[in-house]
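# Architecture and fold: a report
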Amino acid sequence: MAQPMQEVDIPGLTLAAATVEQSATMLDTARAAHGAQLAPGGAMVGWITEGRLAATAAIWVAHLTQLGAQVHVFAAGLGTSADEYQVIDEHVAERYRQVQPR
């Protein structure tokens, strides 16, 4: 039984990579702009929870930083996949042209 033909949507994969990269950049921008707002302000000075809240905010900022890095890597992987599929398609097409009778 023949296997069904599968086709990779290279432009769609390229678009997905760009869209994911934009999302990662938006996350980085939001974290940079508002990450400091996660920690309690001066109103918490003297409260027993001040240290824990500041530590928790620092953990969240670190997590958001790591998440942004992982999303950038994912976007790059999508882009690399699209590029590699394109190269393979071109190579296979060239080989096919070479073996076709004239």
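Everything in this summary refers to the structure shown in the same document. (Residues numbered from 1 in each chain as written. Predicted model: local features only at pLDDT ≥ 70, side-chain atom pairs only at ≥ 80, totals over all residues. Heavy atoms only, no water.)

Right, let's talk about the nonpolar core for a bit. Judged by nonpolar contacts, Ile10, Leu13, Ala17, Val20, Ala75, Leu78 and Ala82 together constitute the single largest core of seven residues. When contributions to this core are tallied by element, the ones reaching two or more residues are α1 (10-34) and α2 (50-99). With four residues, the single largest contributor to this core is α1. (Core = buried A, V, L, I, M, F, W, Y, C linked by side-chain atoms within 4.5 Å. Buried < 20%, exposed > 50% of the residue type's maximum accessible area, 1.4 Å probe, protein only. Helix = DSSP H or I, 4+ residues; strand = E, 2+ residues; numbered from the N terminus.)

Below, the discussion takes up the layout of surface pockets. The calculated volume of the largest pocket comes to roughly 150 Å³. Every residue lining the largest pocket is listed: Gln6, Glu7, Val8, Ile10, Tyr85, Ile88 and Asp89. (1 Å grid on protein atoms, 1.4 Å probe; cavity = no way out; pocket = protein on both sides within 12 Å on 5 of 7 lines; lining within 4 Å. Points joined across faces, edges and corners; volume = space filled by probe spheres on them.)

Next up on the list: α1. Across its 25 residues, α1 extends 36 Å between first and last C-alpha, which sits within 8% of the 36 Å expected from 1.5 Å per residue. Within α1, burial applies to Ile10, Leu13, Ala17, Val20 and Ala24. As for α1, its buried residues are in contact with α2. Regarding α1, its N-cap is Asp9, as a side-chain oxygen of that residue lies 3.0 Å from the backbone nitrogen of Gly12 further along. (Expected span 1.5 Å × (residues − 1). Contact = heavy atoms within 4.5 Å. Polar contact = N/O pair within 3.5 Å; in protein donor to acceptor, adjacent residues only side chain to side chain.)

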